[in-house]
Amino acid sequence: NNLPPDKIVAVHGTICKASCEVCGTKVDFDEFCNDVEINIKDIYNLDDQDKESKPICCKSCNRATVKPTTVLFGSSLPQEFFERASQDLPQVDVLIIAGTSLVVSPANSLVYNVPDTTLRVIINNEPVGSELGIDYSSTSKRDFFAEGNCDEVFLDLIEELGWLKDLENCIDELPESSATLLRDKLDSEGS
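Thresholds applied
- Residues numbered from 1 in each chain as written.
- Predicted model: local features only at pLDDT ≥ 70, side-chain atom pairs only at ≥ 80, totals over all residues.
- Heavy atoms only, no water.
- Pairing = 2+ DSSP bridges.
- Helix = DSSP H or I, 4+ residues; strand = E, 2+ residues; numbered from the N terminus.
- Buried < 20%, exposed > 50% of the residue type's maximum accessible area, 1.4 Å probe, protein only.
- Patch = residues over 30% accessible without salt bridge, like charges linked within 9 Å, V, L, I, M, F, W, Y side chains within 5 Å.
- Areas by Shrake-Rupley, 256 points an atom, 1.4 Å probe, with all protein chains shown as cover.
- Salt bridge = Lys/Arg side-chain N within 4 Å of Asp/Glu carboxyl O.
- Core = buried A, V, L, I, M, F, W, Y, C linked by side-chain atoms within 4.5 Å.
- Contact = heavy atoms within 4.5 Å.
- Arc of directions from axis to C-beta.
- Phe/Tyr/Trp six-rings, centres within 6.5 Å; stacked < 30°, edge-to-face > 60°.
- Axes fitted to C-alpha atoms, helices over the stretch in contact; angles between N-to-C directions.

Peer 1: Hey, could you run me through the sheet that holds strand E3 (residues 66-68) in this one?
Peer 2: In a beta sheet, neighbouring strands are held together by backbone hydrogen bonds and run either parallel or antiparallel to one another. Ordered in space as E2-E1-E3, the three strands form an open sheet in which the pairing is antiparallel. Both outer strands of the open sheet, strand E2 (26-27) and E3, are each paired with one neighbouring strand and no more. Bridge count for strand E1 (residues 18-20) against E3 is three bridges, and the pairing is antiparallel. In the sheet register, Ser-19 faces E3, and the bridge partner there is Lys-67.

This is how it looks when you write it as structure tokens:
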């Protein structure tokens, strides 16, 4: 990932970090992965692990509440979401909305909390957010709907912007399905 960390707000958290759900103590992720490997039962019986799982306890509060920092349904979004929204939204020129139903708040509030001059690009398999003010009519001046699979639409955009070679340089870092899509695109370009 070449994006600076300060440019990303993981609204629904991330599976790449871990912390204690009770006291908030951050846990070294490699250490957490090692603890999972040692303490959590192998449900597929691929290893010679114990048949019983053992809790992974927080070293600060000693509670068995250490997990990846994902936000589960009904849990609060990270405070950073609210802080960055109030800082960043007034200055947004283009808001890209991709692969979402836009039915869960407060994340869906971004759509209507940007300036009226902000262009909104919706990339999705179907139109969403009409009840939030997204205008899918042919006369819309600010909303653009790019219908389709997110990976395919973004790849087409990358091609239009002339960035395919840049993306090819990091093909090994892409998920396999995205890498295959890119290889197919590059192959068809070469034909």
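Next comes the rest of the description.
Peer 1: Whenever I open this one, unusual backbone geometry confuses me. Can you help?
Peer 2: Glycine aside, residues mostly have negative phi, and peptide bonds are mostly found in the trans state. Backbone torsion omega between Ser-105 and Pro-106 reads 10°, so that peptide bond is classified as cis. Phi is positive for Asn-62, close to 65°, though the residue is something other than glycine. Mapped onto the fold, Asn-62 is located in the loop between helix H1 (29-39) and E3. With a relative accessible area of 59%, Asn-62 lands in the exposed category. If you check the backbone angles, Leu-102 has positive phi at about 60° while not being a glycine. Of the residues examined, Leu-102 reaches a relative accessible area of 6% and is grouped as buried.

Peer 1: It is not clear to me how a nonpolar patch on the surface should be interpreted in this structure. Could you clarify?
Peer 2: Together, Phe-73, Val-103 and Val-104 give the surface a local cluster of nonpolar side chains, amounting to about 370 Å² of exposed area. Summarising the element assignment, Phe-73 is placed in the loop between E3 and helix H2 (79-88). Owing to a relative accessible area of 81%, Phe-73 belongs among the exposed residues under this scheme.

Peer 1: Please explain the nonpolar core as it appears in this structure.
Peer 2: Soluble globular proteins tend to pack their nonpolar side chains together in the buried interior. Ala-85, Leu-89, Val-92, Leu-95, Ile-97, Leu-102, Val-111, Val-114, Ile-122, Val-128, Leu-132 and Ile-134 together form the largest nonpolar core, which totals twelve residues. When sequence neighbours within four positions are dropped, the list of residues in contact with Leu-89 reads Arg-84, Leu-110, Asn-113, Val-114 and Pro-115.

Peer 1: Help me understand H2, please; the structure alone is not making it clear to me.
Peer 2: Since the α-helix packs 3.6 residues into each turn, any two residues three or four apart lie on the same face. Along H2, the residues classified as buried are Phe-81, Arg-84 and Ala-85. Buried residues of H2, seen end-on, are gathered within an arc of 110° and therefore sit on one face of the element. For H2, exposure combined with an orientation more than 90 degrees from the buried face picks out Gln-79 and Ser-86.

Peer 1: What exactly am I supposed to notice about the packing of aromatic side chains here?
Peer 2: Overall, the coordinates contain three aromatic pairs when judged by the stated rule. A ring pair is formed by Phe-81 and Phe-82, whose centres lie 5.0 Å apart and whose planes are at 85°; its orientation type is edge-to-face. A centroid spacing of 5.2 Å and a plane angle of 90° characterise the contact between Tyr-136 and Phe-145, whose relative ring orientation is edge-to-face.

Peer 1: How should I be thinking about the pattern of salt bridges in this particular structure?
Peer 2: Pairing is possible between side chains that carry opposite charge, provided their charged atoms lie close to one another. Counted by the stated rule, this structure contains nine salt bridges. Close ionic contact of Lys-185 with Glu-159 constitutes a salt bridge, the shortest N to O distance being 3.0 Å. Linking Lys-185 in helix H5 (residues 176-190) with Glu-159 in helix H3 (residues 150-160), this pair joins segments that are 26 residues apart in sequence. For Glu-159, a relative accessible area of 27% translates into the label partly exposed. Two residues, Arg-183 and Glu-176, come together in a salt bridge whose shortest N-O distance is 3.5 Å. A residue is classified by how much of its surface remains accessible, and Arg-183, at 34% relative accessible area, is partly exposed. Relative accessible area serves as the criterion here: at 54%, Glu-176 is assigned to the exposed category. In this structure, a network of salt bridges that share partners links the residues Glu-80, Arg-84 and Asp-88.

Peer 1: How should I be thinking about the sheet that holds strand E4 (residues 94-98) in this particular structure?
Peer 2: The strand order across the open sheet formed by three strands is E4-E5-E6, and the pairing between neighbours is parallel. Edge positions in the sheet fall to E4 and strand E6 (143-147), since each of these pairs with one other strand and no more. Between one strand axis and the next, the sheet turns through 15° on average, direction left out of account. As defined by bridge partners, E4 adjoins strand E5 (residues 119-124) across five bridges and the pair is classed as parallel. Within the sheet, the bridge partner assigned to Val-94 lies in E5 and is Leu-119.

Function cannot be inferred from these measures alone, as they are strictly geometric.
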